[in-house]
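# Reading the structure
Below, each chain spelled out in residue letters.
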Amino acid sequence: MIRRPLLVLAAVAALAAAQQAMPTAVLNRRGAVTLTLPSTILRSAEVKKHLGSGLTTAFVIQVECGERKGGARVSVRYDLWEESYLVRTIDATGHEQSVKLPSETKLAEWWSTTALPVIGAGAETSRLDVRVHVLPFSAREEAETKRWLSRILTSMGSVKEAPVGKRNDAGAAKILDVIVSTSIQRRPIIEYQWTVEARTER
Amino acid sequence: MRKFLISLVLVLAPAGHAAAQDPDFLIERFAVSGVRYASPRIIVAESRLREGRSYSESDLAAAIGRIERLPFVVFAEFRLEKGTVPGQYVLAISIVETKPLFVSARSYSSWVSTDTFADPASLPAGEMPEPQTSVVDYRNDFLTVGGRWFVGARGVVHVAAELQREDRYSIGYTHYDVFGTRASITGLIAYQNRHIEGLPGVFDTWERKDDLTYQALASVPVTANQSIRAAWLQASQPVPRSEPSAVPGNFRYTLDPAEVNRYELAWNYDTTNDALFPTRGTLVTASAAENEFAFAGESGAIVRDQRTVLSVTTDRFIPITARQTMTGGVDLHRRGLDEVRAHAGYGASLWNPNTERGDFRFEAQIDRTWLRGPAGARTAVSSVRTGLAFRNAWGLLRLDFEYVGWRDRE
């Protein structure tokens, strides 16, 4: 008699844990998609080992949502002397952000609460295929990424100033190429893949 | 012009900003782990990094590539640790090395499309022979068994037995970090059983049991990714000499050995990440070689002459996914005839390579070679090669298939 509720409880706990280990996505009415990655990525032994190396670890996110493709990149480096995590992100809109986090707990908190724009606009379906490549990272590659990004922004006038439709097509595709193609230069430490149902904000 | 300058500023400004954010790490000491057979000093020397200097992450990434190109290293990893003073670091280098004994086996099957001409005597009078295309198949199997022993902090003795049609046994010594300069020198002596199968009535089977080859090589790094290489080789070359045969008016040939020397000076630019299966980076080599060759003079005495060979070879490895790589390159050679070779290839790891399971790869390559002879005759030939390769800490196995054909002649 006692066994059945225990089994149900275990199943519920396993489901909750599995859901925690999944990214969460939000699709807004413009068709923009944001993605929040699970902090289980940071707890993986391989990732933890590399994060503790004092060298940068890059998380390259690739997203497919029907015909739309998107992505973002998060770079994390632990500064041994300052004993803090330096985090930099480049998202699908070309927006960059830098944050300094004083502990592993704060990093995990930031990680599991930050919604990264992975598709600027135009997504029509809520089903997303998400891939994350965890890469050992070279800073020069990032410098090259920024240079390419800058060229694209210059050549387009400005992606942000471009009409929404245009931004989604040529501009966003180029930014995505830059984020992804300049990153897949090294053998990943580890790769993750999920299919996620985005929560729709209407 | 103004528009161009504004664009230039916009392009360069973020790069400079990025460069400012690109941290440099002042390395006060190296700590090498994972070495059971190899010498830590050689690992540090080949990284071309020095204590007391600052390096960016990309410098460190390039240094990992240089260490992983060493023939006795399977995998290398860097980690920073706090140094004795704030802002200074210990660079911990962790490596997985190959076993001291290694095996390399390769089976190479070729199908070569050739044009043959019928004997004019067998044709009706006045009819010119037409080329008949046929495919000739060859198969070569190679097996190399060898060992490597580290001598002192900077030396490696390597021995190898290459078992093939002409067995070859070699012993060599490489001294790394000569006088603390990061340069290396190698000396090698090889003994080979030379065997050339005779043609009945033309020349007898030729065998030479005391054939020794001497080789010396020095490599001096110029920058982190560039080096100058000087090489010398002395080998024996079979020289055909003709003499009247028993059939009046006919000649038969004998082969005599002649010592010849070859000298080469090369510039090398290498940013690849692996000596055997590179998945990224560029490799460019420009070399000038002075090759001595011997031939029989009119009096029958052996005469020596020199031929200068100029070569430029380029290879670019572009990762398209984590396990797939595209390759491309052009080679130029000038050696009596001009040769231009363009090639493109594809390689894919069939599983995620790791140090326990090794790396199992599929490879495919197409190439086209254009040749121009001294008299201006031109020919072009293409080939396609595909194969499987497996390597781990014990060695390398390869299975290759090649078709050579699609010839054009002018």
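Quick caveat: nothing in here was measured; it's all calculated off a predicted structure. (Residues numbered from 1 in each chain as written. Chains lettered and ligands numbered in written order. Predicted model: local features only at pLDDT ≥ 70, side-chain atom pairs only at ≥ 80, totals over all residues. Heavy atoms only, no water.)

## Section: the overall build of chain B
Selection rule: Helical segments are the DSSP runs of H or I of at least four residues, strand segments are the runs of E of at least two, and each set is numbered from the N terminus. The rule is simple: take the accessible area with a 1.4 Å probe, protein chains only, and divide by the maximum for that residue type; under 20% is buried, over 50% is exposed, in between is partly exposed. In what follows, residue pairs with any heavy atoms lying within 4.5 Å of each other are defined as contacts. What sets the accessible areas is the Shrake-Rupley method with a 1.4 Å probe; for residues, cover comes only from the shown protein chains.
Along the backbone of chain B there are three helices and 19 strands. Every one of the 410 residues in chain B was classed for burial, and the buried ones make up 40%. A fraction of 50% describes how many contacts in chain B between residues 6 or more apart in sequence connect residues 24 or more apart. Summed over its atoms, the accessible surface of chain B is roughly 22100 Å², and 59% of this surface lies on carbon and sulfur atoms.

## Some remarks on the overall build of chain A
Helix and strand counts for chain A come out as six helices and 10 strands. Within the span of chain A, comprising 202 residues, buried residues form 49% of the whole. Considering only intrachain contacts with a sequence separation of at least 6, the fraction spanning at least 24 residues in chain A is 69%. Put simply, chain A shows about 10200 Å² of open surface, and 53% of that area lies on carbon and sulfur atoms.

## A word on helix H4 (residues 104-113) of chain A
Residues and elements named next belong to chain A. For clarity, the threshold we go by: Arc, as used here, means the arc of the directions from the helix axis to the C-beta atoms.
When H4 is considered as a whole, its buried residues turn out to be Leu107, Trp110 and Trp111. The buried residues of H4 occupy an angular sector of 100° when the element is viewed end-on, so they sit on one face. Facing away from the buried surface of H4 by more than 90 degrees, the exposed residues are Thr105 and Thr113.

## Quick look at the pairing of strand E1 (residues 24-27) of chain A
Residues and elements named next belong to chain A. What counts is decided by this rule: Any two strands with at least two DSSP-identified bridges between them are counted as paired.
In terms of strand pairing, E1 meets strand E2 (residues 33-36) through four bridges, oriented antiparallel. Following the sheet pairing, Thr24 is matched in E2 by Thr36. Linking two consecutive strands that pair antiparallel, namely E1 and E2, is a turn of five residues; a positive phi of about 90° is found at Gly31 within it. Relative to strand E10 (residues 199-200), E1 is paired through two bridges, and the arrangement is parallel. By the bridge assignment for E10, Val26 is matched with Arg199.

## Details of the nonpolar core
Test applied: Residue types Ala, Val, Leu, Ile, Met, Phe, Trp, Tyr and Cys, when buried and joined through side-chain atoms within 4.5 Å, form a set referred to as a nonpolar core.
By size, the foremost hydrophobic cluster in this structure holds 64 residues, and its most contacted members are Phe59, Ile61 and Leu128 of chain A together with Phe78 of chain B. Setting aside its immediate chain neighbours within four residues, Phe59 of chain A contacts Ile41, Leu42, Val47, Ala72, Arg73, Val74, Val76, Trp111, Val132, His133 and Val134 of chain A.

## Quick word on helix H3 (residues 57-68) of chain B
Residues and elements named next belong to chain B. The criterion, for reference: Expected span of a helix: the number of residues minus one, times 1.5 Å.
End to end, H3 covers 17 Å across 12 residues, agreeing with the expected 16 Å (1.5 Å per residue, within 8%). Across the 12 residues that make up H3, a large majority, 10, are buried. Buried within H3 are the following residues: Glu57, Ser58, Leu60, Ala61, Ala63, Ile64, Gly65, Arg66, Ile67 and Glu68.

## Focus on the confidence of the model for chain A
Residue and element names in this part refer to chain A. Threshold: Each residue carries a pLDDT score, the predictor's own confidence in it, on a scale running from 0 to 100.
Per-residue pLDDT for chain A has a mean of 76; in total, 64% of the residues score no lower than 70. Confidence drops under a pLDDT of 50 for residues 138-146, and excluding neighbours within four residues, the segment shows 28 contacts in the predicted structure. Counted against residues more than four places away or in other chains, residues 152-169, with its pLDDT under 50, gives 25 contacts.

## Here we look at the environment of Ala45 of chain B
All names here are of chain B. Turning to its location among the elements, Ala45 is positioned in helix H2 (residues 40-47). The buried category is assigned to Ala45, whose relative accessible area is 1%. Spatially, the C-alpha atoms of Ala45 and Arg182 are 5.4 Å apart, while their sequence positions differ by 137 residues. With near-sequence residues (within four places) excluded, Ala45 lies in contact with Asp177 and Arg182.

## Quick word on the environment of Asp359 of chain B
Residues and elements named next belong to chain B. Stated precisely, the cut-off is as follows: Polar contact is defined as a pair of N or O atoms within 3.5 Å, subject to the rule that within protein one atom must be able to donate a hydrogen and the other to accept it, and that residues adjacent in sequence are counted only when both atoms are side-chain atoms.
Assignment of secondary structure puts Asp359 in strand E17 (residues 359-372). With 32 residues separating them in the primary sequence, Asp359 and Arg391 have C-alpha atoms 5.5 Å apart. Sequence-distant contacts of Asp359, that is, excluding residues within four places in its chain, are made with Phe277, Ser349, Trp351, Pro353, Ala389, Phe390 and Arg391. A polar atom in the side chain of Asp359 sits 3.0 Å from the side chain of Ser349.

## Focus on a nonpolar patch on the surface
All names here are of chain B. Heads up, the rule is: Note on patches: the residues involved have over 30% relative accessible area and no salt bridge, like charges join within 9 Å, and the nonpolar side chains Val, Leu, Ile, Met, Phe, Trp and Tyr join within 5 Å. Every case where a carboxyl oxygen of Asp or Glu lies within 4 Å of a side-chain nitrogen of Lys or Arg is listed as a salt bridge.
Together, Trp111, Val135, Leu350, Leu388, Leu399 and Phe401 give the surface a local cluster of nonpolar side chains, amounting to about 480 Å² of exposed area. Among the secondary structure elements, Leu388 is positioned in strand E18 (residues 378-392). Judged by its relative accessible area of 33%, Leu388 falls in the partly exposed class.

## Structural notes on the pattern of salt bridges
All names here are of chain B. Overall, the coordinates contain 23 salt bridges over all chains when judged by the stated rule. Note that Glu339 and Arg335 form a salt bridge whose closest N and O atoms lie 2.6 Å from each other. On the basis of relative accessibility, which here comes to 14%, the residue Glu339 falls in the buried class. Between Arg372 and Asp338 there is a salt bridge, with the nearest N and O atoms lying 2.8 Å from each other. Of the two residues, Arg372 sits in strand E17 while Asp338 sits in strand E16 (residues 337-349), which places them 34 residues apart along the sequence. According to the relative accessible area criterion, Arg372 is partly exposed, its value standing at 36%. Since its relative accessible area comes to 18%, Asp338 is described here as buried. Through salt bridges that share partners, Arg106, Arg361, Glu363, Arg385, Arg398 and Asp400 make up one connected network.

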